[in-house]
Each structure stands twice: as structure tokens, then as C-alpha cells.
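Chain residues, written in single-letter form:
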Amino acid sequence: MSDTRTLPADRTKWVVTLPPTLFLIAFFLLPALIVVAASLREPGEFGGLAPWPAHSLDAYRFLFRDVIYVEIFARSFFVALLTTLLCIVAAYPLAWLIARSPARRRDLLVLLVILPFASNFLVRIYAWIMILGPAGLLYSPFAVIAGMVYVHLPLMILPLYTNLEKHDPALLEAAQDLGASAWTRFWRVTFPLSLPGIFSGSALVFIPVLGMFAVPELLGGTGDILIGNLIKQQFLEDRDWPLGSALSILLTIAVLALAALATWGAKRGLHGTEAVS
Amino acid sequence: MTSRHWLWAAALATYAFLYVPLAAVVLFSFNDSQLNAQWVGFTLSWYHKLVHDPEMLGAAFNSLMIAVLSSTIATVLGAMAGLAMQRYRYRWLPALVLTPVAMPEILLGVSLLLFFRQVLDLTLGFVSILIAHITFSIGFVAVIVRSRLAGMDESIFEAARDLGATPWQTFRRITLPLILPALVAGYLMSFTLSIDDFVITFFVAGVGVTTLPLQIYSMIKVAVTPEVNAVSTLLMGVTLTLVFLASRFAPDVLKAREA
């Protein structure tokens, strides 16, 4: 190929690659690195950061010295786990039913799952303030869990449905012919095959719940605060930015570990599927 | 009851769980009572109050301006990213483009707050919100554009080149018409994301500029009033229409929202 033909092709490559890359390096990657740097600095007298070059590991030391932070981290994981489990239980029958519906009806049933999800996040929380307020259940751990499940449920239904839709009905028929009860067919065939769907749905639910501040703030009591509320407090109220940054770093590490775990789980599940089919 | 009946009952209960709370919000926006507790009678007075509330109108105007600008820019940058990911198969690009979408929103919010205040020393407001919205929208557009391109026969681009078309001609006459539905869907999707965003906007808005979700937040922190129901109902109408339109142009849109 001559130079005149390779040259414009190369230029095209840079024209499409550079603008989004530079934008995201400037406004995503760089800010993320700034958080790491900020966590190693000292808080300023009037908020923000103390002037360069003051730096220390105080923010991290502080986090591990005070038991309250460990408690809040533990509580956040517990709330995320409980929300994820409740989402799995609530999503499964619906996802299964949609997957087993006639093809022409499936799109409509899926759309019906997505529509409430398309309404504003705060509006969905507000709906629960309206419902739980008169019942006297507002500002309780129950309200926090109800709100969390409500806000994230479609994120579990959709990947689970995508997985269940691909199951070969012949497998269940074969199990039935071999005398397996409905209960056995579910636990020995359908459920193990659906694990990749459960894993990806769980990642989509668990990760945002872990960083959520609006649900505990608007539906929970003062004792229900989670990591997200703590981070928000440090940045907007207490103005201890190094501490807020250290908390954000710990949350990031937790999220990356969970994402890796979910990817690993989904892949393992997938290998299982191949072995069965 | 057979197991199938139980299944239907459980599924219907889940649909009810998804819809009843939102239906209550809509219903009580037409209720002729200061309290959201009991149905009194039909009224449009909350909507009347809404359109005469200068703070609310200002917030709506800001939301609209930011949504138009951020989705326009995000569509261009996202389309480029989608093209680049599909055509040149960089290993690092998907990580850069998709991580902002997968992270908890609060992390993007605080990192941009730190960056704007500490590094750029920018006064928070319209510009910081705009940049933040572009940042989280690029990934969604890129996914939609990439999945549109993935289903295509790449030989048509080669054919155009072999027939002597310049890269620009190939783009204008072949690529652009083919990805147009994905661009429309990506635009509508980023518009929805922008007009709906609360968490990231909350961190980068500062004190001067308010958007609709921020306005709703400050109202529901104080008290439950039917005016919130009215603005929620209108916002729901707008986003539902946009998501529905987007799904007409590119069915993959719904999957992109999942990711």
C-alpha cells in the first residue's frame, strides 16, 4: 500500500480516538488520581486541603483507630448484602416468568420492568416517604432496606431474565422424564445455570448500594448512615477532605474487588453452563 | 394452586411493588389537599402553583440547558469512542470509557469536586455541572454506537475505500447514515441521564446553580408537599417519553442503561 493511502487512515484513527480519550483523562482519570493525592494531605484550616507540602497518613490512621468507621463499613456491607438477597428473591419469579412467556409478549413485559426505573431516582425515594410516613415506618432501618430494594430491583431482573431466556427447555423436559420433581428440577438444573445472571445482577445492585447516601439520608434515621453519607459529610459538612478522600479510596478498593469477584463468578458459572449443555 | 399459579402471583406482586408507589405519587399530584394522606378531590392547583414558582422555573431552565449542551457534546465524544473501540480494538479504551459508568456515582462526584476546587480553582456552577454530565454520558453513547457497529459487515467500509473514497467521504456517506439511529438513541439517553442526575450534580453544583433534581431534593428534605408530586409527575412524563423514543431507535439502549 502506498503512503498516500495509509496516511489518511492513520489520521482518522487519531481523530476519533484522541478527543474522547483526552476528555476522559482530564475529567475522569486525573480527578481520580487527585483523590489519592488528597487522601495523603492534611485538612486545611478552613476546609479543603492545607497548603502544599503538608502531608501525612493521618486520614487513614484516623479511620482505623475509630471503631465507628469500621462499624459503618460493616453496616454498609450488610445493607448491600441484604438488599442484593432480597432483590434476587423478588426478581427470580418475575424474570423466570418473562423468560417463559411467548416471544411476542416478552418485549412488553421487559419494558414494564424498565419504565419505573426510568423515573427519577429522587422521585422513587419520595414515593416511599409518602407511603411510609403516614404508616409511622419512616426513618427506620426497614425504610432504608425497602427504598434500596425498590431503587435497584430492575437491575437484578434484567440480567437474570437475559440469562434465563437462553436456557434450553429440553433440559427441564429431560429432567422431568427422568422423574425429577419440580423442586429438584429448579435446584439441580435452572438455578445452577442461572448463576452467571445472578452474579452480574448482584454486582449491579451491590456496588451502587455500597456508595448510596440519598436513601439512608432521606428514609433512614440518624443511626442508619452508610459509607456514602460519611463521604458526603466529610466533603460538604465537616470539610475534612483528606478523610473524605481516604474513605473514597477504601470504597473504590471494595468496589474493584467486588467487580473482580462478580466477573470471576459469572465466568465460572458460564463454564458450568458449557459443561451441562 | 399449581406452582405456575404461585409463580404468576409472585410476579404480579413484584410488578405491583414496582408500580404502586409511583402511581401514588402521580395520583396525589391531583389531590385537592395539602396532605398526601387521603384523597379529597381533583385539582390542578399544584401544577398551577408549580408553573408560577420562579425557583422551580429557574431550575427547569438550568436542567434543560445543561441537558441539551451535555448530550450534544457527549454524543459526539461518545460516538468517537464507540467507533474507536469497535474499529481499533484498543485494550485500554473500554476501561477508560466504561469505568465512569460502573463506579458508584458518589466517587465521580467527589473526585470532580476535588479537581474543580483544588486543581482548577473553578467556581462551581453551570460549567462544572456541564463537564460532569458529559463525563458520565460518554460511556452510554459509546456502548450504543459500538453495539450498532458490531452488527455490521466491515467489508462495506473497505469497499468504499477501494472505490477511492476519502476517510471523510466514507464517514459522511457510509458510517454516519448507518450509525444515525444509534446517535439519536445515544442523544436521547444522555439527555435523560443529564436531566435526571442527582448524586453527581449535588457535589459539583456549588451554591449558585440549581437543577430540577436538586430542587426536588431540597423540597423533600423539608416537607412532603403535593407540589413535589406535581413536579415529579411532569419529570416522569418527560423521561418516560425520552426512554421510549430512544428504545425505538436502538433496542440496545435498554441494555446500555443496565451497564
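Along each chain, numbering runs from 1 in the same order as the chain's sequence is written. Chain letters start at A and ligand numbers start at 1, both assigned in the order the entries are written. Two thresholds apply to this predicted model, a pLDDT of at least 70 for residue-level local features and 80 or more for giving and counting side-chain atom pairs, whereas whole-chain, interface and lining totals are computed over all residues.

(A) Representation of the overall build of chain A in the model. Scanning chain A for helices and strands turns up 12 helices and 0 strands. For chain A, the sequential pattern of α-helices and β-strands runs α-α-α-α-α-α-α-α-α-α-α-α. Expressed along its principal axes, the backbone C-alpha trace of chain A runs to roughly 75 × 75 × 35 Å. Buried positions account for 43% of the 277 residues belonging to chain A. Secondary structure elements are taken from DSSP: a helix is a run of H or I of four residues or more, a strand is a run of E of two residues or more, and numbering for both begins at the N terminus. Exposed residues have 12 or fewer other C-beta atoms within 10 Å of their own C-beta, buried residues have 20 or more, and residues in between are partly exposed; the C-beta atoms are placed from the backbone.

(B) Local environment of the overall build of chain B. Broken down by element type, chain B carries 12 helices and 0 strands. Order of helices (α) and strands (β) in chain B, N terminus to C terminus: α-α-α-α-α-α-α-α-α-α-α-α. Expressed along its principal axes, the backbone C-alpha trace of chain B runs to roughly 70 × 65 × 30 Å. For chain B, the proportion of its 259 residues judged to be buried stands at 49%. The contact criterion used is a C-beta to C-beta distance within 7 Å, with each C-beta placed from the backbone. Counting contacts in chain B only where the partners sit at least 6 residues apart, residues at least 24 apart contribute 79% of the total.

(C) Representation of unusual backbone geometry. Phi is positive for Tyr139 of chain A, which is not a glycine, with a value near 60°. Within the secondary structure, Tyr139 of chain A sits in the loop between helix H5 (121-135) and helix H6 (141-165). We note that Asp121 of chain B has phi near 50°; this positive angle belongs to a residue other than glycine. With respect to the helices, strands and loops of the structure, Asp121 of chain B is situated in the loop between helix H5 (105-119) and helix H6 (126-150).

(D) Representation of the interface of chain B and chain A. Facing 62 residues of chain B, the contacting portion of chain A comprises 69 residues. Here the term charged refers only to Asp, Glu, Lys and Arg, the term nonpolar to Ala, Val, Leu, Ile, Met, Phe, Trp, Tyr, Cys and Pro, and the term polar to all other amino acids, Gly among them. In terms of residue class, the side of chain B that touches chain A is made up of 49 nonpolar, 9 polar and 4 charged.

(E) Representation of the packing of helix H3 (residues 67-100) of chain A against helix H9 (residues 195-210) of chain A in the model. All names here are of chain A. Interhelical geometry of H3 versus H9 gives an angle of 140° and a closest axis separation of 9 Å. Considering their axes alone, H3 and H9 lie oblique with respect to each other. Relative to H9, H3 is oriented so that their crossing is right-handed. In contact with Ser76, Val79, Ala80, Thr83, Thr84, Cys87, Ile88 and Ala91 of H3, H9 contributes Ile198, Gly201, Ser202, Val205, Phe206, Val209 and Leu210. Axis angles are defined between N-to-C directions and span 0 to 180 degrees, where every axis is a line fitted to C-alpha atoms and, for a helix, only to the segment in contact. Oblique is the label for any angle not under 35 degrees, not over 145, and not in the 65 to 115 range, which are roughly parallel, roughly antiparallel and roughly perpendicular in turn. By definition, any crossing whose near helix is turned counterclockwise from its far helix by less than a right angle is left-handed, and any crossing with a clockwise turn is right-handed.

(F) Structural view of the packing of H6 of chain A against H9 of chain A. Residue and element names in this part refer to chain A. Following both chains from N to C, one finds H6 and H9 inclined at 160°, their axes separated by 8 Å at the closest point. The angle between the axes of H6 and H9 places the two elements in the roughly antiparallel class. Considering how the two elements wind past one another, H6 and H9 form a crossing that is right-handed. Between H6 and H9, the residues in contact are Met148, His152, Leu155, Met156, Pro159, Leu160, Thr162, Asn163 and Leu164 and Pro196, Gly197, Ile198, Ser200, Gly201, Leu204, Val205, Pro208 and Val209, respectively. Partitioned by chemical class, the residues of the contact of H6 with H9 number 12 nonpolar, 6 polar and no charged.

(G) Highlighting the domain arrangement of chain B. Residue and element names in this part refer to chain B. Entries for chain B in the domain assignment read domain 1 (1-31) and domain 2 (46-258). Here the limits of each domain have been adopted from an automatic or database domain assignment. Placing a centre on the C-alpha atoms of domain 1 and another on those of domain 2 gives a separation of 30 Å. Between domain 1 and domain 2, the contact holds 5 residues from the first and 6 residues from the second. Of the residues in the side of domain 1 that touches domain 2, the class split is 3 nonpolar, 2 polar and no charged.

(H) Local environment of the nonpolar core. A set of buried Ala, Val, Leu, Ile, Met, Phe, Trp, Tyr and Cys residues, joined through C-beta atoms within 7 Å, is what we mean by a nonpolar core. Core analysis: the largest hydrophobic core is formed by 156 residues, its most contacted members being Ala91, Ala95, Ile125, Tyr126 and Ile157 of chain A. The two domains that each donate at least three residues to this core are domain 1 (1-31) and domain 2 (46-258) of chain B. Ignoring anything within four residues of it in the chain, the contact list for Ile125 of chain A reads Gly147, Val151, Ala214, Val215, Leu218 and Leu219 of chain A.

(I) Up close: the environment of Ala205 of chain B. Residue and element names in this part refer to chain B. Examined against the element boundaries, Ala205 turns out to sit in the loop between helix H9 (199-204) and helix H10 (212-222). A sequence separation of 63 residues divides Ala205 from Ala142, and the C-alpha atoms of the two residues are 26 Å apart. Excluding residues that lie within four positions of it along the chain, Ala205 makes contacts with Leu124, Ile129 and Leu214.

(J) Main features of the environment of Val209 of chain A. Residue and element names in this part refer to chain A. Residue placement: Val209 occurs in helix H9. Each C-alpha atom, one on Val209 and one on Pro196, is 20 Å from the other, the two residues being 13 residues apart in sequence. Beyond its immediate sequence surroundings of up to four residues, Val209 is in contact with Val79, Ala80, Thr83, Met148 and His152.

(K) Structural view of the environment of Glu173 of chain A. Here Glu173 of chain A lies in helix H7 (residues 169-177). The spacing of Glu173 of chain A and Arg185 of chain A is 12 residues in sequence and 9.2 Å in space, taken between C-alpha atoms.

(L) The arrangement of the confidence of the model for chain A in detail. Residues and elements named next belong to chain A. Of all residues in chain A, 91% attain a pLDDT of 70 or more, and the chain-wide mean is 85. A score between 0 and 100, pLDDT records how confident the predictor is in each residue. Long-range and interchain partners of residues 1-6, a stretch whose pLDDT sits below 50, account for 1 contact in this model, where long-range means more than four residues apart. Between residues 273-277, whose pLDDT stays under 50, and residues either more than four places distant or in other chains, the model counts 3 contacts.

(M) Inspection of the confidence of the model for chain B at higher detail. All names here are of chain B. Per-residue pLDDT for chain B averages 87, and the proportion of residues at 70 or more is 96%. Model confidence for chain B, summarised as mean pLDDT per element, is weakest for helix H12 (residues 253-258) at 50 and strongest for H9 at 94. At the level of chain-chain contacts, confidence expressed as ipTM amounts to 0.86, with global pTM at 0.86.

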